[in-house]
Amino acid sequence: MTTIACDGKMIAADGLVTGNGFIHGRTCKKVFRLHDGRVVAFSGSAFDIAGAVDYLNGVTAQFSAEEGFEAVILSADGTVQCMDEKTRLYAQSVPCVSGSGGAIALGAMAAGKDAFEAVKIAAELDTHSGGVCSFLIPTEGDADHIMPPPVQDAGPLESEAA
């Protein structure tokens, strides 16, 4: 399945995709930034993720997914909502988790780990979680306009080159 963890500051997920007893990928993107700056992670069928992102961004008016699909949505103020496969939203307390590795991640956060570290621990221990783990931190407003551009390594400083 997957592991999602949210500590009120960030949301994190693993990248493993499985089905029919096989590993189909280890780098599936399950964490997204929405147009309004909130961040969301998904557990359940990977086939439903794109439609859910479009629905949450207001691109489509309707969405439905396979049973067991869940979205965990984190706002910049630290509030968390969950959405089920029928788009029903409900408030969730923090820390919160979803997916097969959720109990492991919740225990890790109770022991002082942040959401990203908790997902990495769950990915090592849960047979249905793994791959590349990722996280996002929510922002206020349109994230594309307030996030700094990526920093590129310009090489050694002149003082280091000599």
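This one's a predicted model, so the numbers in the text were calculated from it and none came from an experiment.

Cut-offs applied
Residues numbered from 1 in each chain as written. Predicted model: local features only at pLDDT ≥ 70, side-chain atom pairs only at ≥ 80, totals over all residues. Heavy atoms only, no water. Helix = DSSP H or I, 4+ residues; strand = E, 2+ residues; numbered from the N terminus. Buried < 20%, exposed > 50% of the residue type's maximum accessible area, 1.4 Å probe, protein only. Contact = heavy atoms within 4.5 Å. Areas by Shrake-Rupley, 256 points an atom, 1.4 Å probe, with all protein chains shown as cover. Arc of directions from axis to C-beta. Salt bridge = Lys/Arg side-chain N within 4 Å of Asp/Glu carboxyl O. Polar contact = N/O pair within 3.5 Å; in protein donor to acceptor, adjacent residues only side chain to side chain. Lys, Arg positive; Asp, Glu negative; His and termini not counted.

Topic: the overall build of the protein chain
For step 1, the next point in the chain: When you go through the protein chain residue by residue, the secondary structure sums to five helices and eleven strands.
For step 2, the next point in the chain: Counting over 162 residues, the protein chain shows a buried share of 41%.
For step 3, the next point in the chain: Considering only contacts within the protein chain whose residues lie at least 6 apart along the sequence, 54% involve residues at least 24 apart.
For step 4, the next point in the chain: Accessible area for the protein chain stands at about 9100 Å²; split by element, carbon and sulfur atoms hold 54% of it.

So, helix H1 (residues 49-56)
For step 1, the next point in the chain: Among all positions in H1, only Ile49, Ala52, Val53 and Leu56 are buried. When H1 is viewed along its axis, its buried side chains cluster within an angular range of 100° and face the same direction.
For step 2, the next point in the chain: Residues of H1 that are buried in the fold lie against strand E5 (31-33), strand E6 (39-43), strand E7 (70-74) and strand E8 (80-84).
For step 3, the next point in the chain: Positioned one or two residues after H1, Gly58 has a phi angle of 80°, which is positive.

A look at the pattern of salt bridges
For step 1, the next point in the chain: The full count for this structure, using the stated rule, is four salt bridges.
For step 2, the next point in the chain: Among the ionic pairs, Arg88 bridges to Asp84, the shortest N-O distance being 2.5 Å.
For step 3, the next point in the chain: Its relative accessible area of 46% is what places Arg88 among the partly exposed residues.
For step 4, the next point in the chain: Residue classification places Asp84 among the buried positions, given a relative accessible area of 13%.
For step 5, the next point in the chain: Measuring nitrogen to oxygen at the nearest pair gives 3.2 Å for the salt bridge that ties Lys120 to Glu117. Residue Lys120 and its partner Glu117 are located together in helix H3 (residues 115-125), separated by three residues, close to a single helical turn.

Quick word on H3
For step 1, the next point in the chain: Those residues of H3 that fall on the buried side of the exposure criterion are Ala115, Phe116, Ala118, Val119, Ala122 and Ala123. Looking straight down H3, one finds that the buried residues subtend no more than 160° of arc, so they occupy a single side. Facing away from the buried side of H3 by over 90 degrees, the exposed positions are Glu124 and Leu125.
For step 2, the next point in the chain: Along its buried surface, H3 packs onto strand E1 (4-6), strand E2 (11-13), helix H2 (102-110) and strand E11 (134-136).
For step 3, the next point in the chain: Backbone nitrogen of Phe116 and a side-chain oxygen of the N-cap are separated by 3.1 Å at the start of H3; the cap is Asp114.

Re the side chain of Asp7
For step 1, the next point in the chain: Residue position: Asp7 is located in the loop between E1 and E2.
For step 2, the next point in the chain: Salt bridges are absent for the buried Asp7, whose nearest opposite-charge side chain, Lys9, sits at 6.5 Å.
For step 3, the next point in the chain: In this structure the side chain of Asp7 is engaged in a polar contact, spanning 2.9 Å, whose partner is the backbone nitrogen of Lys9.
For step 4, the next point in the chain: Setting aside chain neighbours within four positions, we find Asp7 in contact with Val94, Met109, Asp114 and Ala115.

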